[in-house]
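Chain by chain, the residues:
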Amino acid sequence: MSEAFDAVEIIGAKRDKKELSDPQIDWIINAYTKGVVADEQMSALLMAILLNGMNSREISRWTDAMIASGERMEWSMLDRKTVDKHSTGGVGDKITLPLAPLVAACGGAVPQLSGRGLGHTGGTLDKLESIPGWRASLTNAEMLEVLKSCGAVICAAGAGLAPADKKLYALRDVTGTVQAIPLIASSIMSKKIAEGTSALVLDVKTGSGAFMSDPKKASELARVMVDLGTRAGVKTRALVTAMDVPLGLTAGNALEVRETIEVLAGGGPSDVVELTLVLAREMLDAAGIKPLMDPADALKNGAAMDSWKAMIRAQGGDVDAKLPVAKENISIVADKDGTLSSMDAMSVGIAAWRLGAGRSKQGEKVSFGAGIEIHAKPGAQVKKGDLIYTLHADESDRFARAESALENSFVISQDGSVADRLPLIIEKIEG
Ligand code: URA
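Cut-offs applied
- Residues numbered from 1 in each chain as written.
- Predicted model: local features only at pLDDT ≥ 70, side-chain atom pairs only at ≥ 80, totals over all residues.
- Heavy atoms only, no water.
- Buried < 20%, exposed > 50% of the residue type's maximum accessible area, 1.4 Å probe, protein only.
- Helix = DSSP H or I, 4+ residues; strand = E, 2+ residues; numbered from the N terminus.
- Pairing = 2+ DSSP bridges.
- Contact = heavy atoms within 4.5 Å.
- Expected span 1.5 Å × (residues − 1).
- Near = heavy atom within 4 Å.
- Polar contact = N/O pair within 3.5 Å; in protein donor to acceptor, adjacent residues only side chain to side chain.
- 1 Å grid on protein atoms, 1.4 Å probe; cavity = no way out; pocket = protein on both sides within 12 Å on 5 of 7 lines; lining within 4 Å.
- Sits in = over half its atoms within 2 Å of the grid points.
- Axes fitted to C-alpha atoms, helices over the stretch in contact; angles between N-to-C directions.
- Parallel < 35°, antiparallel > 145°, perpendicular 65-115°, else oblique.
- Left-handed = near helix turned anticlockwise from the far one by under 90°.
- Nonpolar A, V, L, I, M, F, W, Y, C, P; charged D, E, K, R; others polar.

Draft legend 1. Here's a closer look at the pairing of strand 11 (residues 387-393). For strand 11, the tally of buried residues reaches six of seven residues, placing the bulk of the element in the interior. When strand 7 (residues 328-333) meets strand 11, the two strands line up antiparallel, connected through six bridges. Its bridge partner lying in strand 11, Ile-332 is registered against Tyr-389.

Draft legend 2. How the structure looks around the pairing of strand 3 (residues 152-156). Taking burial as the measure, the five residues of strand 3 include five buried ones, the bulk of the element. With five bridges joining them, strand 2 (residues 110-114) and strand 3 adopt parallel strand pairing. Residue pairing in the sheet places Ser-114 in a bridge with Ala-156 of strand 3.

Draft legend 3. Inspection of the environment of Val-110 at higher detail. Counting through the fold element by element, Val-110 comes out in strand 2. Here Val-110 is in contact with Val-83, Asp-84, Ala-100, Val-103, Ala-104, Leu-147, Gly-151, Ala-152, Val-153 and Met-283, once residues within four sequence places are set aside.

Draft legend 4. Representation of unusual backbone geometry. Even without glycine at this site, Lys-17 takes up a positive phi of about 65 degrees. Relative to the assigned elements, Lys-17 resides in the loop between helix 1 (7-15) and helix 2 (22-33). Since its relative accessible area comes to 65%, Lys-17 is described here as exposed. The phi torsion at Ala-162 lies on the positive side, around 45 degrees, for a residue other than glycine. Here Ala-162 is to be found in the loop between strand 3 and helix 8 (163-173).

Draft legend 5. Seen up close, helix 12 (residues 270-286). With 17 residues, helix 12 should reach 24 Å at 1.5 Å per residue; the first-to-last C-alpha distance of 24 Å fits that figure. Burial runs high along helix 12: twelve of the 17 residues are buried. Positioned one or two residues after helix 12, Gly-288 has a phi angle of 70 degrees, which is positive.

Draft legend 6. Here's a closer look at the site of the ligand. Near the ligand, the surroundings consist of Tyr-169, Arg-172, Ile-184, Ser-187, Ile-188, Lys-191 and Phe-211. Interatomic distance of 2.8 Å between a side-chain N/O atom of Arg-172 and an oxygen atom of the ligand. The cavity that encloses the ligand is the largest pocket. If you list the elements that add at least two residues to the shell around the ligand, you get helix 8 and helix 9 (181-194). Looking at which element gives the most residues to the shell around the ligand, the answer is helix 9, with four residues.

Draft legend 7. Representation of the packing of helix 1 against helix 3 (residues 39-52). Between helix 1 and helix 3, the shortest axis-to-axis distance is 8 Å and the interhelical angle comes to 15 degrees. Viewed along their axes, helix 1 and helix 3 adopt a mutual orientation that is roughly parallel. Between helix 1 and helix 3 lies a crossing whose hand is left-handed. Residue-level inspection shows Ala-7, Val-8, Ile-10, Ile-11, Lys-14 and Arg-15 of helix 1 in contact with helix 3, the latter providing Gln-41, Ala-44, Leu-45, Ala-48, Ile-49 and Asn-52. Split into classes, the residues belonging to the contact of helix 1 with helix 3 amount to eight nonpolar, two polar and two charged.

This is the structure we're talking about:
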């Protein structure tokens, strides 16, 4: 590669709050992906971007350069329209699991490339891997096969998709530069655009358990991502949704698969069902698909469950096998009578992670059975001694640190009051 630019000059320009030109951005992403620019130089640039930002032209070009670092998939051979969903991640956020087969049952094709959990938020692939036999890695040809036969596929992104993001994400993780809107937006959207979906619905989480705890920042992130998708020809819209309280009644891999199956069987917690239905309708509408049936009917009549079973089996999963259960469990109970006033998503996420449901280093094994069952949500009446949580872990020495994360995670009021909560759907942003 010819040395058209100098990394130090580019770092200096962003440090001094100058705009980077298109050729500078193309060069630095390409040179970093190829190992010409060193990690320490890219770290300095990422920190300068975190501190001084990028304008919309720079973000757009940065995203395009990350897409150009790898392959771009396309699905024009399918006779169904493609549509995907991406969540910025939260506690108990298992929505992708029932949503992908539900949208498939209603007539969409969902090519979902998912990730693993890092930190307090769970990863879709870790959850699905708790199903005995299920395989996350597929070739592009296998992905197409599953998509054709089942209408939905959830698998790991191959090494060829946005390799620049793989390097940058790992570097951001260890340099305190994850939380920058231009970097989050370009990271997510480069993968979603390269994945080749023609429509996309983003679920941007906000509240204590989300990346963006401030709803204004979440809204800004959503707007930047919707603009990136729209510019790239993907029909993109975003919902900003609540993550102040955990979603549903479980956090942890196999526990969340169990809850998914309840939803697909027509039951399940009301917040999980509501968000799944809202997102399914948005996805079908964004893609311009006339639904074969209403998503609520597809949950009740078994059509979504049939799509789920087909999708899991197509990737080697045994839908009849027993899900893993952790070896040990303990209970946390109410210490007085009253109304459960609040429950903090971040505390529950950290506790589930400490129980072994998540990993603290890339590559670490997760415990499939570990996690938390939630027995009461805000608004519920509880009596002293009633179960609030059941904690599951494979090693009993994990309980003390999880219990300490949960110490102030819920409040019981004796005057019947309930703390203010974010509405489940806060805002919708369209392209
Ligand atoms: N998910 C991603 O893929 N990238 C980010 O930067 C944040 C969440």
